[in-house]
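# Chains, contacts and geometry: an overview
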Amino acid sequence: MRGSRLVAVGHYQPAKVLTNADLAELVDTSDEWISSRVGIRTRHVAGADEPVDELAAHAGAKALAAAGLTPADIDLVLVATSTAIDRSPNTAARVAARLGMASPAVLDLNVVCAGFTHALATADSLVRTGTARRALVIGADKMTAVTDWTDRSTCVLVGDGAGAAVVEASEEALIGPVLWGSVPEMGHAVRIEGTPAVFAQEGQSVYRWATTQLPPIARQVCERAGLTPEDLAAVVLHQANLRIIEPVARKIGAVNAVIARDVVESGNTSAASIPMALSKLVERGEITTGDPVLLFGFGGNLSYAGQVVRCP
């Protein structure tokens, strides 16, 4: 068994920005109401002509460029998304086509908000066993396409975007062991279902579960990596809303860590939120090569997955 590592990351967001004031013209809400309840101020919105695979391909191209690699260097594309409209070709295949890849394996994963950390764990396993040589792992979602814009409890939350990471083999295990699971009997608490599909959730149930059940699991993720929460340089949780991120981060006990708060400017972008927030921390120089970072996704299916990675 070999180890694996993150080589580089990248992210992409559509140009259009929707502010809280803009939302107040669509639904009965206000900047104060949104900011005080979920901490979000702006979100990016993809147009009708910007499908999920386009967002994903932009992020993937940036990660490849940051790694100094070409599409030909990738033999596995993993895309975590829950908002792709078509079943086939899958999103990963369309990303590979957009990037001009030759013959990679192409897999989509749908674990909603925990999708990226599930996909990263899958890539880590495949690279460590030699099944794949180098993987492009992407979280991408177009949540605004599955949103009821008359429901102020959900429409104020969502945004669109994508984040990507390149994973390759290394002598050391620089992507820590994953800890993952779910609460299947409570899967109804977060839903994207129906025809057409619409996002809905039971906000209070999700809040109670996240703030009470997830901190001890996140601490176990650190233990599996041989670290304490105090050792972490950064904590990148799924960017659900600030009222969840801040108490969960506090209860984890990562007192020396930078806490990602990209939700403030990006909203809840589901599977895109973790790689996008991580990429921004790297881009701004808030974390540096080798820093231990906790990635922890949670949400739809009431599923969760986390691992400690070393910053590329």
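Here, every reference points to the structure presented above.
Scope of this entry: the structure provided in the associated data block. (Residues numbered from 1 in each chain as written. Predicted model: local features only at pLDDT ≥ 70, side-chain atom pairs only at ≥ 80, totals over all residues. Heavy atoms only, no water.)

### Examining helix H10 (residues 273-283)
Selection criterion: Relative accessibility thresholds used throughout: buried, under 20% of the residue-type maximum; exposed, over 50%; partly exposed, between the two (1.4 Å probe, protein chains only). Segments assigned H or I by DSSP are reported as helices when at least four residues long, segments assigned E as strands when at least two residues long, and all are numbered from the N terminus.
With 9 of 11 residues buried, H10 lies mostly within the body of the structure. Here H10 has its buried residues at Ser273, Ile274, Pro275, Met276, Ala277, Leu278, Ser279, Lys280 and Leu281. Of the residues one or two after H10, Gly285 is the one with positive phi, at around 75°.

### So, the sheet that holds strand E1 (residues 3-12)
Sheets are built from strands paired through backbone hydrogen bonds, the pairs being either parallel or antiparallel. Note the threshold: For two strands to pair, DSSP has to find at least two bridges joining them. Geometry is summarised by axes, namely lines fitted to C-alpha atoms with helices restricted to the contacting stretch, and by angles between N-to-C directions that run from 0 to 180 degrees. Whether two residues are in contact is decided by their heavy atoms, any of which lying within 4.5 Å being enough.
An order of E1-E7-E6-E4-E5 is seen for the 5 strands of this open sheet, with the pairing classed as mixed. The two strands at the open ends of the sheet, each matched to only one other strand, are E1 and strand E5 (105-109). The average angle at which neighbouring strand axes cross in this sheet is 20°, direction not considered. Packing of helix H5 (residues 115-128) onto the sheet brings it into contact with E1, strand E4 (76-80), E5, strand E6 (134-142) and strand E7 (160-170), and relative to E6 it is tilted by some 170°.

### Let's talk about the sheet that holds strand E14 (residues 303-310)
The 5 strands are arranged E8-E14-E13-E11-E12 in an open sheet whose pairing can be described as mixed. Bordering the open sheet on either side are strand E8 (179-182) and strand E12 (258-259), each of which pairs with just one other strand. Bridging between strand E11 (residues 234-237) and strand E13 (residues 292-299) involves 4 bridges; their strand directions are parallel. Counted as the bridge partner of Val236 is Leu295 from E13. This element, helix H7 (residues 203-224), spans E8, E13 and E14 of the sheet and lies at about 145° to E13. Those strands touched by H10 are E11, E12 and E13, and its axis lies near 150° from that of E11.

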